[in-house]
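Here is how the chains run, residue by residue.
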Amino acid sequence: MYCSTVDPEHASATGRKRSQRPQRSHREVADELRRRIRTGELRPGQRMPTQAELAEEFGVERTAVRRALRILQSEDLLSNVSKGSPATVAPDPRRALTGAAAPPLPTTAALAPRIAAAFEASHVEIDALCLTSISLTLAIGEPLRQIHAGRLKPAKVDVRVLLPSRDIDLAFPAPVDSAAAGRLRRRWLAQRNAQGQVLRHSLLALRATHGVDVHVSFRALPFTPPVKLYLLNATEALFAYYTVRRREQEIDHEHLQLYDAEGSQSMLFSFVEGAGLRDTTFVEQSHVWFNALWETISSELVLTS
């Protein structure tokens, strides 16, 4: 969610403060509205603010608002999108378009609602292969809030996570100038460990607070994964490529050129068991692949520096 400090006169008609950042694109507007729908801030069946109100809030033209609303309509998150009246949030947006019909979405938009839906099961099973567990940690935040609020009550939660080993030379993130490799490596390792610890602590806390039978395990891969994979309750697979790009980033007060992949923006493709032979086979083979890595070439991972 975007945050800014503004004067009261810039508050929008929806109660939110109008951003003072440079004008957003229609995709950024869609991303923020999608987040509000997925988290329940905009409730199922609720009428959206008018296009004029949204344009005022986001500081964009109505054309950008209409394009954003059409994107969400194509994802079955909104209905009644027209020029004449406000759109309506779908009755069950968390289940909108999965499987072959689902459009690929950035991890930030796609993962959280699918994780939340997975937590509706009595026995939650999540397997993840990724570069760090940042996206997974963020996505699990919403179902944890739902559990604490009494709206979700899983009896058992099993989470397994495969991450790159600290003992390998990472393919990415990697500095263009090898002289900075040590600093970049230390930063990645600290991030990997910190996020993993947060994920484990947040889930294990459910034992004491709600009596949930929780198991969280990590193992280390001897390679840098070129893809990310999330397997949910043995029925759904979410798959994305890590696309490596050259970019600049400040590390230890110095701007470094590096090769990296922004995992949070990786486009997730959804495959659901039972949605057809293609989807079912992909889910099954993804489990075979994950289990093979877990049981053979991976090793114990300790989340310490």
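This text goes with the structure placed above it.
Residues numbered from 1 in each chain as written. Predicted model: local features only at pLDDT ≥ 70, side-chain atom pairs only at ≥ 80, totals over all residues. Heavy atoms only, no water.

Novice: Got a minute to help me understand the sheet that holds strand β11 (residues 254-260) in this structure?
Specialist: One key point about sheets: their strands pair by backbone hydrogen bonds, in either a parallel or an antiparallel sense. Across the sheet, three strands lie side by side as β6-β11-β10; this open sheet has antiparallel pairing. The strands lining the two open edges of the sheet, one partner per strand, are β6 (174-175) and β10 (245-251). The pairing of β10 with β11 spans seven bridges and is antiparallel. Note that in β11 the partner of glutamate 248 across the bridge is glutamine 257. Sitting on the sheet, helix α6 (residues 181-210) is in contact with β6, β10 and β11, with an inclination near 85° to β10. (Pairing = 2+ DSSP bridges. Helix = DSSP H or I, 4+ residues; strand = E, 2+ residues; numbered from the N terminus. Contact = heavy atoms within 4.5 Å. Axes fitted to C-alpha atoms, helices over the stretch in contact; angles between N-to-C directions.)

Novice: How should the side chain of glutamate 236 be read in this particular structure?
Specialist: Relative to the elements of secondary structure, glutamate 236 occurs in strand β9 (residues 236-241). The class of glutamate 236 is buried, set by a relative accessible area of 6%. (Buried < 20%, exposed > 50% of the residue type's maximum accessible area, 1.4 Å probe, protein only.)

Novice: When you look at unusual backbone geometry in this model, what are you seeing that I'm missing?
Specialist: Note: most residues except glycine have negative phi, and most peptide bonds are trans. Here phenylalanine 172 and proline 173 are connected by a cis peptide whose omega angle stands at 0°. The residue proline 173 is located in the loop between β5 (156-164) and β6 in this model. With a phi angle near 60°, alanine 234 is a residue other than glycine that sits in the positive phi range. Position of alanine 234 among the secondary structure elements: in the loop between β8 (227-232) and β9. One non-glycine residue with positive phi stands out, namely histidine 253, at about 65°. Mapping histidine 253 onto the fold places it in the loop between β10 and β11. The exposed category is assigned to histidine 253, whose relative accessible area is 77%.

Novice: How should I be thinking about the nonpolar core in this particular structure?
Specialist: Burial of nonpolar side chains together is a common tendency in soluble globular proteins. In this structure, Ile115, Phe119, Leu136, Leu203 and Tyr230 are the most contacted members of the largest nonpolar core, which totals 44 residues. Breaking this core down by element, the ones donating at least two residues are α4 (107-118), β4 (123-129), α5 (134-148), β5, α6, β7 (213-221), β8 and β9. One finds Ala55, Ala64, Leu77 and Val89 within the second-largest nonpolar core, a separate group that totals 21 residues. (Core = buried A, V, L, I, M, F, W, Y, C linked by side-chain atoms within 4.5 Å.)

Novice: Would you mind going over α6 with me for this structure?
Specialist: Three- or four-residue spacings in an α-helix give side chains the same orientation, since the helix completes a turn every 3.6 residues. The end-to-end C-alpha separation of α6 is 44 Å, in line with the 44 Å expected for 30 residues at 1.5 Å each. By the burial criterion, the buried members of α6 are Leu184, Trp188, Leu189, Arg192, Asn193, Gly196, Leu199, Leu203 and Leu206. Packed against the buried residues of α6 are α5, β5, β6, β7, β10 and β11. Of the residues trailing α6, glycine 211 is marked for its positive phi of about 70°. (Expected span 1.5 Å × (residues − 1).)

Novice: Sorry if this is basic, but what is going on with the packing of aromatic side chains here?
Specialist: Two descriptors summarise a pair of aromatic rings, namely the distance from one centre to the other and the angle between the planes of the rings. Following the criterion strictly, the structure yields five aromatic pairs and no others. On the numbers, 3.9 Å between centres and 20° between planes, the contact of phenylalanine 271 with phenylalanine 282 is stacked. With phenylalanine 271 in strand β12 (residues 267-272) and phenylalanine 282 in helix α7 (residues 277-295), the pair connects residues that are eleven residues apart, well separated along the chain. Chaining the aromatic ring pairs together yields one cluster made of Phe239, Tyr241, Phe271 and Phe282. Taking NZ or CZ as reference, arginine 160 lies 5.1 Å from the ring centre of tryptophan 294, over its face. (Phe/Tyr/Trp six-rings, centres within 6.5 Å; stacked < 30°, edge-to-face > 60°. Lys NZ or Arg CZ within 6 Å of the ring centre and 35° of its normal.)

Novice: What is the right way to read the packing of α5 against α6 from this model?
Specialist: How two helices pack is summed up by the angle between their axes together with the distance between the axes. Contact geometry for α5 and α6: axes closest at 10 Å, N-to-C directions at 15°. Of the possible angle classes, the one that applies to α5 and α6 is roughly parallel. Between α5 and α6 lies a crossing whose hand is left-handed. Between α5, through Ile134, Leu136, Thr137, Ile140, Leu144, Ile147 and His148, and α6, the contact on the second element is made entirely by Gln191, Gln195, Val198, Leu199, Ser202, Leu203, Leu206, Thr209 and His210. Residue classes in the contact of α5 with α6 are distributed as nine nonpolar, seven polar and no charged. (Parallel < 35°, antiparallel > 145°, perpendicular 65-115°, else oblique. Left-handed = near helix turned anticlockwise from the far one by under 90°. Nonpolar A, V, L, I, M, F, W, Y, C, P; charged D, E, K, R; others polar.)

Novice: Quick question: what am I supposed to make of the pattern of salt bridges here?
Specialist: Side-chain pairing between opposite charges can occur once the charged atoms of the two side chains come close. This model, assessed by the stated rule, comprises twelve salt bridges. One salt bridge connects glutamate 142 with arginine 145, and the closest N-O pair in it is separated by 2.9 Å. Residue glutamate 142 and its partner arginine 145 are located together in helix α5, separated by three residues, close to a single helical turn. Residue glutamate 142 is classed as buried on the basis of its relative accessible area, which comes to 12%. Arginine 247 serves as the salt-bridge partner of aspartate 260, at 2.7 Å between the closest nitrogen and oxygen. Highlighted residues: aspartate 260 in strand β11 and arginine 247 in strand β10, separated in sequence by 13 residues. Each member of the salt-bridge network shares a partner with another, and the members are Glu32, Arg35, Arg36, Glu41 and Glu57. (Salt bridge = Lys/Arg side-chain N within 4 Å of Asp/Glu carboxyl O.)

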